[in-house]
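For reference, the chains in residue letters:
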Amino acid sequence: MNNTKMMASLKNAMRAEMDSIFVYKNALASAKDKEVITFFENMIKEERTHYNMLLDYYQAMTNEDILKAIDTTGTVNTIFTDDFNKRIAANQVLFSAVSVAVLLEKNAFEFYGKAATDTDDEVLKGFFVKMESLEKEHYDMLNEIAKEAENFYHAENRFEPF
């Protein structure tokens, strides 16, 4: 991938991370329960970290600096109680935010996978592979929350087959 395309890809990735932050912030504003609040605060923190890592690479490429590996250690929490999922299901804003976040995270891990394939720079390739893995973890976690919350949502709203 040439430098112009890589710069555009990094900008698109930063925009996508900001979209995720926006969705999580809106969900956080509707959260009332400590466990749910903590979950969305952690997701915001992780997405900000992703944004800042992308920004570091973008600035390094803009300044024609040598790219250095960045620590991409993740902190995904994957254990959620039925009560957590019920609280997500009971709040339409939170339920919708999780649904939207599933799509955003799917787009993110697919983007990073393609970017890893397209770049010739080994440092960026390693970064994109790790980011693909982190975003896939987010996707899997949110998808599980969405599925569990959907079951509670249907029960709560008495959706029944015709």
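The text that follows walks through the structure, step by step, so that each part is easy to find. A quick note: this is a predicted structure, and the numbers were derived from the prediction, not measured.

Looking now at the overall build of the protein. Assigned secondary structure in the protein consists of 5 helices and 0 strands. Each helix and strand of the protein, ordered N terminal to C terminal, gives the series α-α-α-α-α. Taken across its 162 residues, the protein has 40% of its residues classed as buried. Looking at the protein alone, contacts between residues at least 24 apart form 77% of all its contacts between residues at least 6 apart. Accessible surface for the protein amounts to roughly 9,300 Å². Of this, 53% is attributable to carbon and sulfur atoms.

The next thing to look at is the packing of helix α4 (residues 92-118) against helix α5 (residues 122-156). At a minimum axis distance of 7 Å, the contact between α4 and α5 shows a crossing angle of 155°. As summarised for this structure, α4 and α5 are arranged roughly antiparallel, according to the angle between their axes. By crossing handedness, the relation of α4 to α5 is classed as left-handed. For the contact of α4 with α5, the per-class residue count stands at 18 nonpolar, 5 polar and 7 charged.

Attention now moves to the packing of helix α1 (residues 3-30) against helix α2 (residues 34-62). The contact between α1 and α2 brings their axes to 9 Å, and the two run at 160°. The pairing of α1 with α2 is recorded here as roughly antiparallel in orientation. Once α1 is placed against α2, the crossing between them reads as left-handed. A per-class count over the contact of α1 with α2 returns 20 nonpolar, 4 polar and 6 charged.

With that settled, the discussion passes to the packing of aromatic side chains. Applying the stated criterion across every chain, the model contains 9 aromatic pairs. Considering the side-chain rings of F111 and Y112, the 5.2 Å spacing of their centres and the 70° angle between planes classify their relative orientation as edge-to-face. Judged by its relative accessible area of 23%, F111 falls in the partly exposed class.

On to the environment of I88. Summarising the element assignment, I88 is placed in helix α3 (residues 82-90). The sequence separation of I88 and A27 amounts to 61 residues, and the corresponding C-alpha distance is 9.7 Å. The contacts of I88, once residues within four sequence positions are left out, are V36, F40, L94, F95, V98, I145 and A149.

Basis of the calculations
Residues numbered from 1 in each chain as written. Predicted model: local features only at pLDDT ≥ 70, side-chain atom pairs only at ≥ 80, totals over all residues. Heavy atoms only, no water. Helix = DSSP H or I, 4+ residues; strand = E, 2+ residues; numbered from the N terminus. Buried < 20%, exposed > 50% of the residue type's maximum accessible area, 1.4 Å probe, protein only. Contact = heavy atoms within 4.5 Å. Areas by Shrake-Rupley, 256 points an atom, 1.4 Å probe, with all protein chains shown as cover. Axes fitted to C-alpha atoms, helices over the stretch in contact; angles between N-to-C directions. Parallel < 35°, antiparallel > 145°, perpendicular 65-115°, else oblique. Left-handed = near helix turned anticlockwise from the far one by under 90°. Nonpolar A, V, L, I, M, F, W, Y, C, P; charged D, E, K, R; others polar. Phe/Tyr/Trp six-rings, centres within 6.5 Å; stacked < 30°, edge-to-face > 60°.

So far we have only geometry, and geometry alone does not tell us how the molecule works.
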